[in-house]
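Remarks on the overall topology
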Amino acid sequence: MSHYSQHLDYVKHQFDRALAANGFDAVLIAAGQPAYAFLDDNAYPYRVNPLFKYWLPITASPKSFIYYKSGETPKLFLYQARDFWHSTPKLPPGEWQDNFDITIIDNVETVVLSLGNAVKTTAFIGEVHAPADSWGLSAYNPESLIDFIHYHRAVKTEWELQNMRKANVLAARGHNAARDAFFAGKSELEIHAAYLAAMKCRETETPYNSIVALNQNGATLHYDVYDNDAPAEHRSFLIDAGAYYNGYCADITRSYAGKDGFYAELVAAVDAAEQAIIKQIKPGVSYYDLHVETHRMIAQILADFGFFKVDAETIYQRGYTRPFFPHGLGHFIGLQVHDVGGYLKSENGDTFERDASHPFLRLRRELAEGQVFTIEPGIYVIDQLLEAFDGNEEFNWNRIAELRPYGGVRIEDSVVVTADGYENITRDAFASL
Ligand code: GLY
Ligand code: MN
Ligand code: MN
């Protein structure tokens, strides 16, 4: 049996259980449709419903639907407008086509007409637009059905892992081109273009706005405005950029120093900490504990590099790592760059408590074989967060001022939990090039 067939069986099995547990016979999943700008006839870039592309590698056919009744072959209503203005989206080849009853539609009403009375026992999953909002489905986006699926889709099938490995190879190719453009003295905009060119894709075909930050811009966590002109000096470069393969995401960050010196050493220290955290990954470990341990490691780095006048233990105990490492250690990744479900405790939708001291941590679940998540520690000089410590004599402000023109450092890989450890699909991707 192929990996795709095994994947589809897994998806069907999860939906069979989720539908039964929630009292539905069937599900209708909408791919979604592009939204239009206000008073304009141009649409925003379209992103497919993640629970649509969970079934098959179709990411660019808006207004399509999947109908699945437990135990039956899933139906695909594939929308192809009869329209001489636009081209029809290309369909990925592959065996998925043998696993669906496919009907080509150019009017979405065909879907509800073909379902007939079945709509009354069918749940709808997707953005709710006219006309589907008046089709009279049994429920629209029932939370407990969606929670059930989201809880289980944290564990990836082999087909999903293959797609994510390939997404990482694509993104690694882009990262290498971006690194070369940095060392060639290019602008942020030119580096961004080099990244896309190496991946042979357009900007809207990436899972999130790439963060392409030179010098102090690396301190802005989601920096994506891109300077058109190269700076006079290329001190540092932080790039956080991903890729899609068959709808699955890569999310990679690398930091580079323009020359040897303390920033280059800081990059090496964060890289070593990231790998030390990854070495602890195996089933049963708590992601929350890894996050807390990363704060301890960051405290040690901050002490070693002289950013404080107190020792690492004091830095940690007083919460001084938080302004330097304000985001979470990472997140699930898969169909979405921030795959949901990181706080789900069970398939019933129970959730973990949020810890107010780590408000941006996106993942609290215990690690289990087949999960994929990122590990992405960082250290930044973020003035807005440091304001709260103004005048604190335990901070070495002169040393912090030395780091400010470099922005910050982040290193990010995606890791799969295996039966007795982990697989670092990002490092493997770079090594394969
Ligand atoms: N690129 C966004 C993130 O790392 O989560
Ligand atoms: Mn990430
Ligand atoms: Mn990232």
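Right above here is the structure, for reference.
The sections below set out a description of the structure shown in this document. Here the residue numbers are simple positions, counted from 1 along each chain's written sequence. The order in which chains are written sets their letters, starting at A; the order in which ligands are written sets their numbers, starting at 1. In view of the model being predicted, local features appear only for residues whose pLDDT reaches at least 70, and side-chain atom pairs are presented and counted only at 80 or more, with totals across whole chains, interfaces and linings using the full set of residues. Excluding hydrogens and water, the side-chain values take into account all heavy atoms of the structure.

**Considerations on the coordination of the manganese ion (ligand 2)**
In an ideal octahedron of six donors the angles at the metal are 90 or 180 degrees, and in an ideal tetrahedron of four donors they are 109.5 degrees. Worth spelling out the cut-off: A donor here means an N, O or S atom no more than 2.8 Å from the metal, or no more than 3.2 Å when the metal is Na, K or Ca. Since water is not included, a site may seem to lack partners. Note on geometry labels: four donors, all angles 85 to 135 degrees, give tetrahedral; four donors become square planar and six octahedral when opposite donors are over 155 degrees apart and every other angle is between 65 and 115; remaining cases are irregular. The secondary structure listing takes helices from DSSP runs of H or I that are at least 4 residues long and strands from runs of E that are at least 2 residues long, numbered from the N terminus. Relative accessibility thresholds used throughout: buried, under 20% of the residue-type maximum; exposed, over 50%; partly exposed, between the two (1.4 Å probe, protein chains only).
For the manganese ion (ligand 2), every protein donor is listed as Asp251 (OD), His331 (NE2), Glu376 (OE) and Glu412 (OE), and the spread of their distances is 2.0 to 2.2 Å. Given six donor atoms and angles of 51 to 158° at the metal, the environment of the manganese ion (ligand 2) is assigned as irregular. Between the donor residues of the manganese ion (ligand 2), the gaps in sequence give the motif D-x79-H-x44-E-x35-E. If you look at the manganese ion (ligand 2) and the manganese ion (ligand 3), they sit 3.3 Å from each other and are both ligated by Asp251. Taken together, the positions of His331 in the loop between helix H9 (312-317) and strand S10 (372-375) and Glu412 in the loop between strand S12 (408-410) and strand S13 (413-417) put the pair 81 residues apart, joining distant regions of the chain. Overall, the relative accessible area of 0% leaves Glu412 in the buried class.

**Side note on the packing of helix H1 (residues 3-22) against helix H5 (residues 158-183)**
Using the following cut-off: Lines fitted to C-alpha atoms define the axes, with helix axes restricted to the stretch in contact, and inter-axis angles between N-to-C directions lie between 0 and 180 degrees. Here the angle decides the label: under 35 degrees means roughly parallel, over 145 means roughly antiparallel, 65 to 115 means roughly perpendicular, and every other value means oblique. Any two residues whose heavy atoms approach within 4.5 Å at even a single point are treated as in contact. Three categories are distinguished: nonpolar for Ala, Val, Leu, Ile, Met, Phe, Trp, Tyr, Cys and Pro, charged for Asp, Glu, Lys and Arg, and polar for the others, with Gly belonging to the last.
Across the interface, H1 lies against H5 with an axial gap of 7 Å and an inter-helix angle of 120°. It follows that H1 is oblique to H5 by the angle criterion. Only Glu158, Trp159, Glu160 and Gln162 of H5 make contact with H1, whose side of the interface consists of His3, Tyr4 and His7. When its residues are assigned to classes, the contact of H1 with H5 shows two nonpolar, three polar and two charged.

**Re the side chain of Asn168**
Relative to the helices and strands, Asn168 is located in helix H5. The contact partners of Asn168, leaving out residues within four places of it in the chain, are Ala250, Ile252, Ile425, Thr426 and Ala429.

**A short note on the site of ligand 1**
Applied cut-off: By convention in these notes, a residue is near a molecule or strand provided one of its non-hydrogen atoms lies within 4 Å of it. Contacts described as polar in this section are N or O atom pairs within 3.5 Å, which, within protein, must combine one atom able to donate a hydrogen with one able to accept it, while residues neighboring in sequence count only if both atoms come from side chains. Residue-level accessible areas treat just the shown protein chains as cover; the underlying method is Shrake-Rupley with a 1.4 Å probe. Points on a 1 Å grid over protein atoms alone make up a cavity when a 1.4 Å probe fits among them but cannot get out, and a pocket when they form an open set with protein on both sides within 12 Å along at least five of seven lines; lining residues each have an atom within 4 Å of a point. In this scheme, a molecule is assigned to a cavity or pocket if more than half of its atoms are within 2 Å of the grid points.
Looking at ligand 1, the residues that line it are Tyr208, Asp240, Asp251, His331, His338, Glu376 and Glu412. The contact in question runs from a nitrogen atom of ligand 1 to an N or O atom on the side chain of Asp240, over 3.1 Å. The contact in question runs from an oxygen atom of ligand 1 to an N or O atom on the side chain of Asp251, over 3.2 Å. Relative to its unbound accessible area of 200 Å², ligand 1 is 92% covered by the protein chains. One can see that ligand 1 is located within the second largest pocket. Residue composition of the shell around ligand 1, grouped by class: one nonpolar, two polar and four charged.

**Considerations on the environment of Thr206**
Among the secondary structure elements, Thr206 is positioned in the loop between helix H6 (188-199) and strand S7 (211-214). Judged by relative accessible area, which is 3%, Thr206 ranks as buried. Placed 10 residues apart in sequence, Thr206 and Leu196 show a C-alpha to C-alpha distance of 8.8 Å. Those residues in contact with Thr206 that sit more than four places away from it in its chain are Arg47, Leu196, Met199, Cys201, Gly242 and Tyr244.

**A few points about the coordination of the manganese ion (ligand 3)**
For the manganese ion (ligand 3), the full set of protein donor atoms is Asp240 (OD), Asp240 (OD), Asp251 (OD) and Glu412 (OE), at a range of 2.0 to 2.3 Å. If you look at the manganese ion (ligand 3), its six donor atoms make angles of 58 to 170° with each other, and the shape they trace is irregular. Classification of Asp251 as buried rests on a relative accessible area of 3%.

**Remarks on the sheet that holds S13**
The condition that has to hold: Pairing between strands requires that DSSP locate at least two bridges from one strand to the other.
If you trace the three strands from one edge of the open sheet to the other, you get S10-S13-S14, paired in antiparallel fashion. Of all the strands in the sheet, the pair left with one neighbour each is S10 and strand S14 (422-424). Direction aside, the axes of adjacent strands within the sheet are offset by 35° on average. When S13 meets S14, the two strands line up antiparallel, connected through three bridges. The partner of Val416 across the bridge, within S14, is Glu423. Each of S10, S13 and S14 touches helix H12 (residues 425-432); the most contacted strand, S14, lies at about 45° to it.

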